[in-house]
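Architecture at a glance
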Amino acid sequence: MKKRLFGRIDGRPVEEVTLESADAAVSILSFGATVRDWRVDSAGRSLPMVLGFPTLDDYLEHARSHGAVVGRVANRTADASFELDGRIWHLDANDGRHHLHGGSLGIGRRLWAMEADGVAEAVHLEYLSPDGEMGYPGEVRFTVTYRLEGPRLVVEMEGHPDRPTPINLVQHSSYNLAEGAEVRDHVLR
């Protein structure tokens, strides 16, 4: 297990932890609980499994949720609003008039507390989303755990709200679907 400084946002450190098994390695960022790189060994080669960026600046300038855990609600919320218990809640409109992936500063664009766990060979991340963040009701404590089991990446995500609120988390990696091919070379029909 390796830990390093990946960069800084407003003076605050963005950390990267790399987990390694005999068959794979995965690098996780504290920015957005992001899977930056995942490589699996096959036939003497290290094959890239996900699309990621080499620098923090690339994530800040170009990434559209690449590898991040997005939410509070992933996907689009029409007209950036929803009804809960007879009340209309207005969300951050960051996709035209709609709300996408938790808003312009959803959990995939936040710094998470990150702890490397050498005993469990895992990375634990936590983010406390305050009441009203991006327009959502209630405080939510989000936790994400990543661990390698051989070449497999196991992801466990939870959200613990203090009152009713919508939660729909997604780990938003773009995956390599062809052995030996680069993610950017995929053609879907």
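Report on the accompanying structure.

Conventions adopted
Residues numbered from 1 in each chain as written. Predicted model: local features only at pLDDT ≥ 70, side-chain atom pairs only at ≥ 80, totals over all residues. Heavy atoms only, no water. Pairing = 2+ DSSP bridges. Helix = DSSP H or I, 4+ residues; strand = E, 2+ residues; numbered from the N terminus. Axes fitted to C-alpha atoms, helices over the stretch in contact; angles between N-to-C directions. Buried < 20%, exposed > 50% of the residue type's maximum accessible area, 1.4 Å probe, protein only. Contact = heavy atoms within 4.5 Å.

1. Quick word on the sheet that holds strand S1 (residues 2-9)
In space, the five strands of this open sheet follow the order S1-S2-S3-S4-S5, with antiparallel pairing throughout. In this open sheet, the two strands that pair with only one neighbour each are S1 and strand S5 (45-48). Across the sheet, the axes of successive neighbouring strands diverge by a mean angle of 20°, strand direction being ignored. Here strand S4 (residues 34-42) runs beside S5; their pairing, made up of four bridges, is antiparallel. The residue of S5 that forms the bridge with Arg39 is Pro48.

2. Section: the environment of Glu121
Tracing the backbone through its elements, the reader meets Glu121 in the loop between strand S11 (113-117) and strand S12 (122-129). Accessibility expressed as a relative area gives 34% for Glu121, which makes it partly exposed. Separated by 15 residues in sequence, Glu121 and Gly106 have C-alpha atoms that sit 28 Å apart. If sequence neighbours within four positions are ignored, Glu121 has contacts with Met1, Leu19, Glu20, Arg147 and Leu148.

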